[in-house]
Amino acid sequence: MAISMYQASVPVLVRGLGNLSAILKKAAAYAEAKKIEPRVLLDARLAPDMLPLTRQIQIASDSAKGCGARLAAVDVPKYEDNEASFDELQARIAKTIAFLNSLKAEQIDGSEDREVTIPTRDQPMKFKGLPFLLGFVLPNFFFHVTTAYAILRHNGLDIGKMDYLGKP
C-alpha cells in the first residue's frame, strides 16, 4: 500500500498542531491556577540562546502552513508574528489548521518531485517535494513542537507523553 504526499503531510501537521493547542490550553489554565503571569511562560526558554515559547509556536505554525502551501503550489499565508497571549497563539494555531484543512489531496498528491524553494537571508533553499517534506519540514515542525512541550514541562506544567502524542 502506498502512502500519499497528502496523507504524509496535512493530517500529520494538523494532528501535531491540535496536540500543541491542547497543551497550550493546559498551560493557560496552569498559569491562572498558580497565579503565574502568562508572560512568564510565553517568554520562557530552555537555554538563554534558544527562542522563547511564543516563537517556538510561531515557527511550528510557519512550518506547517509553508509545507502545505508549497506542496500544493499555492501562496504561503503570511502571519504577523505578533502573538502576545495564549489566546492569540490559539487563534494562530486554529488559523493554520483551517488553512491546512482547506487544501485538497489532489493539490498535494503527486508533489514528490515538485520543485520547492524556501527564501532565506542568504540564498534560497531548493528541494524536491518528498525530501522537503520528510527531511526538512517534518523534523523542523516536530523540533519546535517538542521544544514548546519541553519549555512548558520544564516550567512545571503537568503534561506527559500522551499530551504530546494526543489521542489516536
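This structure is a prediction, so every number in the text was calculated from the model and none was measured.

Caption draft 1: Highlighting the side chain of H144. Locating H144 in the fold gives a position in helix α6 (residues 129–154). A distance of 2.6 Å separates the side chain of H144 from the side chain of Q56, its partner in a polar contact. Apart from residues no more than four positions distant in its own chain, H144 is found in contact with Q56, I59 and A60.

Caption draft 2: How the structure looks around the nonpolar core. In this structure, L53, L100 and L152 are the most contacted members of the largest nonpolar core, which totals 47 residues. Those elements that place two or more of their residues in this core are α1 (5–33), α2 (38–42), α3 (53–72), α4 (86–102), β1 (115–118) and α6. Per-element accounting of this core gives the leading share, 13 residues, to α1. In contact with L100, other than residues within four places in its own chain, are V10, L13, V14, L17, A64, K65 and G68.

Caption draft 3: Quick look at unusual backbone geometry. Positive phi outside glycine occurs at K35, with the angle close to 60°. One can find K35 in the loop between α1 and α2. The backbone phi angle of D81 is positive, close to 60°, even though this residue is not glycine. Within the secondary structure layout, D81 lies in the loop between α3 and α4.

Caption draft 4: Structural context of the packing of α3 against α6. Interaxial distance between α3 and α6 falls to 9 Å at its minimum, and their mutual angle equals 160°. Of the possible angle classes, the one that applies to α3 and α6 is roughly antiparallel. For the pair α3 and α6, the crossing hand works out as left-handed. Here the residues of the contact of α3 with α6 sort into 16 nonpolar, seven polar and one charged.

Cut-offs and rules
- Residues numbered from 1 in each chain as written.
- Predicted model: local features only at pLDDT ≥ 70, side-chain atom pairs only at ≥ 80, totals over all residues.
- Heavy atoms only, no water.
- Helix = DSSP H or I, 4+ residues; strand = E, 2+ residues; numbered from the N terminus.
- Polar contact = N/O pair within 3.5 Å; in protein donor to acceptor, adjacent residues only side chain to side chain.
- Contact = heavy atoms within 4.5 Å.
- Core = buried A, V, L, I, M, F, W, Y, C linked by side-chain atoms within 4.5 Å.
- Buried < 20%, exposed > 50% of the residue type's maximum accessible area, 1.4 Å probe, protein only.
- Axes fitted to C-alpha atoms, helices over the stretch in contact; angles between N-to-C directions.
- Parallel < 35°, antiparallel > 145°, perpendicular 65-115°, else oblique.
- Left-handed = near helix turned anticlockwise from the far one by under 90°.
- Nonpolar A, V, L, I, M, F, W, Y, C, P; charged D, E, K, R; others polar.

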